[in-house]
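Working through the structure, step by step
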Amino acid sequence: MMAVAVTLSFLIPLAGTLVLALSAGSLGPRASTAVGVGSLGLAALATLWAVLVHNGVSQSVTLWNWIAVGDFRPTIGLAVDGLSLVMMSVVTGVGFLIHLFAAWYMSGEEGITRFYAWMNLFVFSMLLLVLGDNLLLLFLGWEGVGLCSYGLIGYYYRNSANGQAAVKAFVVTRIGDVFLALGLFLIFMELGTLDIATVLARAPELWEQGSATANLAALLVLGGALGKSAQVPLHTWLPDAMAGPTPVSALIHAATMVTAGVYLIARLNELFLLAPDVMLLVGVIGAVSLLLAAFAALAQTDIKRVLAYSTMSQIGYMFMALGVGAFDAAIFHLVTHAFFKALLFLSAGAVIISCHHEQDIRRLGGLWRKLPVAYGGFIVGGASLVALPLVTAGFFSKDEILWQAMAADQTGLLTAGLLGAVLTGVYTVRLIVGTFHGEPGSDHACHPAPGTHLFTHHLPLVVLAILSTFIGALLYPGLGGLFPEAPGEATDTGHTLLQVLAMGAAIAGLVLALWLFLRCRDWLAGKVRQGAGARLWRLWHNAWGFDALFDRTLVRSWQLLVKYLRVDVVNLVMNLPALLVRALNTGLVRSQNGRVRSYALVMVFGATVILLTLALMPGGAA
């Protein structure tokens, strides 16, 4: 029963993709929507079936042998355990709600068949990634989600900027993928297998903790995780990826694909435990990413870019948890983040559609009466993002991360997490106040919302809002048995103090934001228009200048190299013998002209040269 349920969960989206792709545009919008949404609904039901029949024991389901080259025989095999079932539930459950909302959001758009074909293929690839029992199959799903991301980011391809954003996402994530591929080569060469269970068993036997091989393998895998999960320095693609339709942003760039790096490190936890220095690096990268992204979110004017940097920041929390060995806490926050960030993105989509695709906060305002459901989504989702104490899912998962950092004596990471909590409150309140309160900034914000549908518009938002409360935290099963003991599991000393600090940080951020954006709004606007405030605003608005830095150091240097290589010096040197032979051939051809007098003149000239040479040689006169 388990094998059937798990197999159906990822084959049904694949079937939906094939039906849509092979229809060659013959399906109408309603039929395409029915296939796209229906396949995800059935996949979610199959996942629920798998969860209900799972007996708590990890097992592997082998469907067929994939490749047979000597002793290398990877299979199409599915690893079914608590971690894969949690990830399946997020991908299919949240994915279904997003598909359902897309039926309303994408109504009237052209290319609906293409849209749902890409979305279904993405879900299939993501499920392959989380279910694969060997690293080669995982890598196939890994590359599949990257391909689908490219197609969906550039969905509105008639705008060249969207195409450039898609290419940027594809190239930047491919950099990380190269590191991951090298890591897989190293693991196979050293351990002789890519089967995940065998790798986790052999690595501690053959590699010493802290050995160069273990560190190198963990570093290469980390490189792949940084690209997919948009962490410093491979993070620049994520904000630009907001060029895709909002349901795409909700599915790929909030709930699923960007968490693939977190899943990868958690799945290969034994490998990273053999490299403690790399583990610390994971935590530091997470702390740096969460702070850089939180500051950048403070200065964005596009609704979706604020949420994009917020996503990067929250994934930073997950990396912090991974860095201190709290793998279960990282997955816990992954789940709650999927709930409240999908809710925020879909609510933002409702605002964007209702305001004629207006996304600039400065041109919005006064919408809370006209869009009560979207406003409610922002309030509940924002509260969970801020980690409002006790009543939101985000509070429980973020508190667990901060507690594990404290238990691991990582004061720097803990401080970064608390500061990030304050900043999260500030940029979240700024987003909600700017979008829904105050006076409308343009005529676009004054039009009433178009007709909404109870099933396709209201239902996804309401369900995600419920999951973003403490109810969503209660649904998380806990995966402590699958992972090594986290630092905070051995003691509870100081946990209450930490909870008070976390609550204080969240509330402090809210109070500071309300004071700044309700009481001191004009004063703050004046400060960011000139002087140091303006420079700081530009720095944060441009996300600390990473794009400009990469443009100057990588893009322009590459373009300069290409410019010089248009005249290939090495190729010219290699061509010299050929040029010399061609010149000699031209001379010889011209000498064969059929004229006797020319031949006689050449003979006389040659004889003269020979005689002069002999005369000039030592002893030639004799």
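1. Here we look at the overall build of the chain
Secondary structure assignment for the chain yields 26 helices and two strands. In terms of principal-axis extent, the alpha carbons of the chain reach across some 115 × 60 × 60 Å. Nonlocal contacts in the chain, meaning residues at least 24 apart in sequence, comprise 81% of its contacts between residues at least 6 apart. When the 32 positive and 30 negative side-chain charges of the chain are each reduced to one mean point, those points stand 19 Å apart.

2. Points about the packing of helix α3 (residues 82-105) against helix α4 (residues 112-131)
Contact geometry for α3 and α4: axes closest at 9 Å, N-to-C directions at 170°. In terms of axis orientation, α3 runs roughly antiparallel to α4. On the side of α3, the interface is formed by Ser-84, Met-87, Met-88, Val-91, Thr-92, Ile-98, His-99, Ala-102 and Ala-103, while α4 contributes Phe-115, Tyr-116, Met-119, Asn-120, Val-123, Met-126, Leu-127, Val-130 and Leu-131. Here the contact of α3 with α4 is built from residues that sort into 14 nonpolar, four polar and no charged.

3. Things to note about the layout of surface pockets
The space that makes up the largest pocket amounts to roughly 910 Å³. Looking at the largest pocket, it is lined by 31 residues, and the ones nearest its centre are Arg-430, Phe-517, Leu-524, Val-528 and Trp-537. Residue assignment for the lining of the largest pocket shows that the elements contributing at least two residues are α18 (411-436), α21 (495-519), α22 (521-527) and α23 (531-541). In terms of residue class, the lining of the largest pocket is made up of 16 nonpolar, eight polar and seven charged. In this model, the second largest pocket occupies a volume close to 750 Å³. Forming the boundary of the second largest pocket are 29 residues, of which Val-51, Ser-89, Val-90, Phe-339 and Leu-475 lie nearest the centre. Of all the elements in the fold, those that place two or more residues in the lining of the second largest pocket are α2 (29-53), α3, α15 (327-354), α19 (454-467) and α20 (470-475). Take the lining of the second largest pocket: its biggest share by element is 10 residues, from α3.

4. A few points about the side chain of Ser-354
Here Ser-354 shows up in helix α15. One polar contact links the side chain of Ser-354 to the main-chain carbonyl oxygen of Ala-350, over a distance of 2.7 Å.

5. Overview of the packing of helix α13 (residues 276-297) against helix α14 (residues 303-323)
Axis separation between α13 and α14 bottoms out at 7 Å; the angle between their running directions is 160°. Between α13 and α14, the angle falls in the class roughly antiparallel. You can see that α13 and α14 cross each other, and the crossing is left-handed. From α13, Met-279, Leu-280, Val-282, Gly-283, Gly-286, Ala-287, Ser-289, Leu-290, Ala-293, Ala-294, Ala-296 and Ala-297 reach across to α14, where they touch Val-306, Tyr-309, Met-312, Ser-313, Gly-316, Tyr-317, Phe-319, Met-320, Leu-322 and Gly-323.

6. Re the packing of aromatic side chains
Applying the stated rule across the entire model yields 18 aromatic pairs. Centre to centre, the rings of Phe-295 and Trp-540 are 4.9 Å apart; their planes meet at 35°, and the pair counts as tilted. On the criterion of sequence distance, the pair formed by Phe-295 in helix α13 and Trp-540 in helix α23 is long-range, its members being 245 residues apart. Where Tyr-375 meets Phe-436, the ring centres are 5.1 Å apart and the plane angle is 55°; that geometry is what we call tilted. Pair noted here: Tyr-375 is in helix α16 (residues 372-386) and Phe-436 is in helix α18, with a separation of 61 residues, a long-range link. There is no split in this pair, since Tyr-375 and Phe-436 are both buried. Clustering of aromatic rings is evident, with ring pairs tying together Phe-115, Tyr-116, Tyr-155 and Tyr-156. Across the ring face of Phe-170, the terminal group of Arg-174 is positioned such that the distance to the ring centre comes to 4.4 Å.

7. Some thoughts on the environment of His-458
Here His-458 shows up in helix α19. Separated by 85 residues in the primary sequence, His-458 and Val-373 place their C-alpha atoms 7.1 Å from one another. Within the local environment of His-458, its side chain forms a polar contact with the side chain of His-457, the two groups lying 2.7 Å apart.

8. Some words on the side chain of Thr-92
With respect to the secondary-structure elements, Thr-92 resides in helix α3. For Thr-92, a relative accessible area of 1% gives the class buried. Engagement of the side chain of Thr-92 in a polar contact is seen with the backbone oxygen of Met-88, the distance being 2.8 Å. Those residues in contact with Thr-92 that lie beyond four places of it in its chain are Leu-40, Ala-43, Ala-44, Thr-47 and Leu-127.

9. Overview of the pattern of salt bridges
If you walk through the whole model with that rule in mind, you get 11 salt bridges. Two residues, Arg-174 and Glu-143, come together in a salt bridge whose shortest N-O distance is 3.4 Å. With Arg-174 in helix α6 (residues 160-191) and Glu-143 in helix α5 (residues 135-153), the pair connects residues that are 31 residues apart, well separated along the chain. On the basis of relative accessible area, Arg-174 is assigned to the buried category, the value being 16%. Asp-551 is paired through a salt bridge with Arg-556; the nearest N and O atoms lie 2.9 Å apart. Connected via shared salt-bridge partners are Glu-143, Arg-174, Asp-177 and Lys-228.

10. Topic: unusual backbone geometry
In this structure, the amide linkage connecting Val-232 to the following residue, Pro-233, adopts the cis form with an omega of 5°. Here Pro-233 shows up in the loop between α8 (212-228) and α9 (237-240). In this model, Ala-230 sits at a positive phi of 55°, which is unusual for a non-glycine residue. The topology assignment puts Ala-230 in the loop between α8 and α9. Even without glycine at this site, Ala-543 takes up a positive phi of about 55°. Inspection of the secondary structure puts Ala-543 in the loop between α23 and α24 (546-565).

11. Concerning the nonpolar core
Ile-187, Phe-272, Ile-331 and Val-351 are the most contacted members of the largest nonpolar core, which has 200 residues in total. If you tally residues by element for this core, the top one is α15, at 20 residues. Non-local contacts of Phe-272, meaning those with residues more than four positions away in its chain, are made with Ala-218, Val-221, Leu-222, Ile-265, Val-278, Met-279 and Val-282.

Calculation notes
- Residues numbered from 1 in each chain as written.
- Predicted model: local features only at pLDDT ≥ 70, side-chain atom pairs only at ≥ 80, totals over all residues.
- Heavy atoms only, no water.
- Helix = DSSP H or I, 4+ residues; strand = E, 2+ residues; numbered from the N terminus.
- Contact = heavy atoms within 4.5 Å.
- Lys, Arg positive; Asp, Glu negative; His and termini not counted.
- Charge placed at Lys NZ, Arg CZ, Asp CG, Glu CD.
- Axes fitted to C-alpha atoms, helices over the stretch in contact; angles between N-to-C directions.
- Parallel < 35°, antiparallel > 145°, perpendicular 65-115°, else oblique.
- Nonpolar A, V, L, I, M, F, W, Y, C, P; charged D, E, K, R; others polar.
- 1 Å grid on protein atoms, 1.4 Å probe; cavity = no way out; pocket = protein on both sides within 12 Å on 5 of 7 lines; lining within 4 Å.
- Points joined across faces, edges and corners; volume = space filled by probe spheres on them.
- Polar contact = N/O pair within 3.5 Å; in protein donor to acceptor, adjacent residues only side chain to side chain.
- Left-handed = near helix turned anticlockwise from the far one by under 90°.
- Phe/Tyr/Trp six-rings, centres within 6.5 Å; stacked < 30°, edge-to-face > 60°.
- Buried < 20%, exposed > 50% of the residue type's maximum accessible area, 1.4 Å probe, protein only.
- Lys NZ or Arg CZ within 6 Å of the ring centre and 35° of its normal.
- Salt bridge = Lys/Arg side-chain N within 4 Å of Asp/Glu carboxyl O.
- Core = buried A, V, L, I, M, F, W, Y, C linked by side-chain atoms within 4.5 Å.

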